[in-house]
Amino acid sequence: MQVATTPSVPVGKIKSFGPFGPKYEVGQPLRQLDDEDWMVEVTMVETGEKTEYRLTRLVDDPEAH
């Protein structure tokens, strides 16, 4: 059994879903998935709603301005 190492996650950064999507704040990594990706907690800036988002998608999203 391989031990999962916590990935490098830009905790506290404000990003957006694609170039024109809503802004979110990056939180902590939650769990590793079967496909080696990770689920990360994100908080929607406008509503404060917390949800989960794949790390592989998060790293491709632009930083919000």
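One can find the structure itself at the top, above this paragraph.
Since this is a predicted model, take the numbers as computed values, not measurements. (Residues numbered from 1 in each chain as written. Predicted model: local features only at pLDDT ≥ 70, side-chain atom pairs only at ≥ 80, totals over all residues. Heavy atoms only, no water.)

(A) Spatial organisation of the sheet that holds strand 2 (residues 23-32). Strand order in the open sheet formed by four strands is 1-2-3-4, and the pairing between neighbours is antiparallel. Pairing within the sheet leaves two strands with one partner each, and these edge strands are strand 1 (14-16) and strand 4 (50-54). Taking each pair of neighbouring strands and ignoring which way they run, the sheet shows an average axis angle of 50°. In the sheet, strand 2 pairs with strand 3 (residues 38-44) via six bridges, with the strands oriented antiparallel. Of the residues in strand 3, the one forming a bridge with glutamine 32 is tryptophan 38. (Pairing = 2+ DSSP bridges. Helix = DSSP H or I, 4+ residues; strand = E, 2+ residues; numbered from the N terminus. Axes fitted to C-alpha atoms, helices over the stretch in contact; angles between N-to-C directions.)

(B) Fine view of the pattern of salt bridges. A full pass over the atoms with the stated rule returns four salt bridges. Close ionic contact of glutamate 63 with lysine 13 constitutes a salt bridge, the shortest N to O distance being 3.5 Å. Within this pair, whereas glutamate 63 is found in the segment after helix 1 (55-58), its partner lysine 13 is found in the segment before strand 1, the two being separated by 50 residues in sequence. Given a relative accessible area of 43%, glutamate 63 falls into the partly exposed group. One salt bridge connects aspartate 35 with arginine 54, and the closest N-O pair in it is separated by 3.0 Å. Residue aspartate 35 is located in the loop between strand 2 and strand 3, and its partner arginine 54 is located in strand 4; the two are separated by 19 residues in the primary sequence. (Salt bridge = Lys/Arg side-chain N within 4 Å of Asp/Glu carboxyl O. Buried < 20%, exposed > 50% of the residue type's maximum accessible area, 1.4 Å probe, protein only.)

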